[in-house]
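If you want the building blocks of each chain, they are given just below.
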Amino acid sequence: MKRKRVLTVLAAGLVVAVAAGLYWFQPWKLWVNETVQEALPVAQTSAPLSASAAPAPEEPAIVATGELISHEHATSGGVRILRAPDGSLVLRLENLDTSNGPDLRVLLTGAPVLPGKDGWFVFDDGAHVSAGKLKGNKGSQNYTLPEGTDLARYSSVTIWCDRFDVSFGAAELTKTG
């Protein structure tokens, strides 16, 4: 009887450990891709050229650009920071291709982009702003930056795994104009 009780407790402990591991690591995300294709953000001009003409879309200005490099996971794609005609800032990931993972975020940071393992853990140490949860691990997507974001404080963008505090990939930003 004592042996049966010990085996029952061990089995229950194993079930709890497996459930916790599945929740924490979410291994199925290694095989599940989420593709998001969002259009470039544009604003409508307020006055049409003629009474019958529709307002023409107004393109946002490019403020900074960068190319993603791989860190913990193979990552590629472009980054653009755009200023909309209303003054708001949009961080745009273009042709993103990375692994899926638990609790991925897009961070605008003040950390330098270092190649290889040296760059895996630096992005949440200093100044950073979260643009939000990663919408998909593939495709082109837009993230509105918080109002009042001072781009002079930030020099890079990372796809950050908040669960394991590691960068999947990052881009050094080059300011334009």
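Treat the numbers as computed from the prediction; the structure is a model and nothing was measured.

The rules we used
- For every chain, the first residue of its written sequence is number 1, and the numbers climb from 1 along that sequence.
- Predicted model: local features are reported for residues with pLDDT of at least 70 only, side-chain atom pairs are reported and counted for 80 or more only, and whole-chain, interface and lining totals are derived from all residues.
- Just so you know, side-chain values use all the structure's heavy atoms and leave hydrogens and water out.
- Here, a strand pair is defined by DSSP locating no fewer than two bridges between the strands.
- Think of it this way: any DSSP run of H or I at least four residues long counts as a helix, any run of E at least two long counts as a strand, and we number them from the N terminus.
- Note on exposure labels: buried denotes an accessible area under 20% of the residue type's maximum, exposed denotes more than 50%, and partly exposed covers the range between, all computed with a 1.4 Å probe on protein chains only.
- A pair is scored as a salt bridge if a Lys or Arg side-chain nitrogen falls within 4 Å of a carboxyl oxygen belonging to Asp or Glu.
- Pairing of N or O atoms within 3.5 Å defines a polar contact, subject to two protein rules: one partner must be a possible hydrogen donor and the other a possible acceptor, and residues neighboring in sequence count only if both atoms are side-chain atoms.
- Here a residue-residue contact requires only that any non-hydrogen atoms of the pair lie within 4.5 Å.

Any details on the sheet that holds strand β5 (residues 69-70)? Residues and values, ideally.
Spatially, β5-β12-β11-β8-β9 is the arrangement adopted by the 5 strands of the open sheet, whose pairing is antiparallel. Looking at the sheet topology across the chains shown, the edges are occupied by β5 and β9 (128-133). Where β5 and strand β12 (residues 166-172) come together, 2 bridges link them in antiparallel fashion. Along β12, the bridge assignment pairs Ile69 with Ala170.

Before we move on, can you summarise unusual backbone geometry with the specific residues and values?
Peptide bonds are, in most cases, trans, and in most cases residues other than glycine have a negative phi. If you check the backbone angles, Asn95 has positive phi at about 55 degrees while not being a glycine. Take Asn95: its relative accessible area is 60%, and that puts it in the exposed class. Positive phi values are uncommon outside glycine, yet Asp103 reaches one of about 55 degrees. Among the secondary structure elements, Asp103 is positioned in the loop between β7 (89-97) and β8 (104-109). Under the relative-accessibility criterion, Asp103 is labelled partly exposed at 21%.

Pulling in residues and values, what's your account of the pairing of β7?
Counting buried residues in β7 gives 7 out of 9 residues, a clear majority hidden from the surface. Pairing geometry for strand β6 (residues 76-83) and β7, over 7 bridges, is antiparallel. Looking at β7, one finds that Val79 is bridged to Leu93. The sheet contact formed by β7 and strand β10 (residues 138-144) spans 6 bridges and is antiparallel. Bridging from a neighbouring strand, Arg92 pairs with Asn142 of β10.

Tell me about the pairing of strand β4 (residues 61-67), residues and numbers included.
Taken together, the 6 bridges between β4 and β6 define a ladder with antiparallel strand orientation. Bridge assignment links Ala61 to a residue of β6, and that residue is Arg83. Relative to strand β13 (residues 174-175), β4 runs antiparallel, the two being bridged by 2 bridges. Paired with Thr65 across the strands is Thr174, a residue of β13.

Give a detailed account of the pattern of salt bridges, specifying residues and quantitative values.
Scanning the model with the defined rule gives 7 salt bridges in all. In this structure, the salt-bridge partner of Lys133 is Asp103, at a minimum N-O distance of 3.7 Å. Remark: Asp103 occurs in the loop between β7 and β8 and Lys133 occurs in strand β9; sequence separation between them is 30 residues. Sharing partners across several salt bridges, the network here consists of Asp103, Arg105, Lys133 and Asp162.

Would you mind going over the side chain of Glu94 in detail, with residue names and values included?
Along the chain, Glu94 falls in strand β7. Polar contacts involving the side chain of Glu94 include one to the side chain of Arg92, which spans 3.0 Å. When residues no more than four places from it in sequence are discounted, the contact partners of Glu94 are Gly77, Gly78, Arg80, Gly139 and Ser140.

Tell me about the sheet that holds β7, and please be specific about residues and values.
The 6 strands are arranged β1-β10-β7-β6-β4-β13 in an open sheet whose pairing can be described as mixed. Two strands lie at the open edges of the sheet, namely β1 (35-37) and β13, each paired on one side alone.

Could you give an account of the environment of Arg92, naming the residues involved and the relevant values?
Counting through the fold element by element, Arg92 comes out in strand β7. With relative accessibility at 7%, the residue Arg92 sits in the buried group. Those residues within four positions of Arg92 in sequence are excluded, and the remaining contacts are Glu38, Ala39, Leu40, Pro41, Gly78, Val79, Arg80, Leu82, Ser140, Gln141 and Asn142. One polar contact links the side chain of Arg92 to the main-chain carbonyl oxygen of Glu38, over a distance of 3.1 Å.

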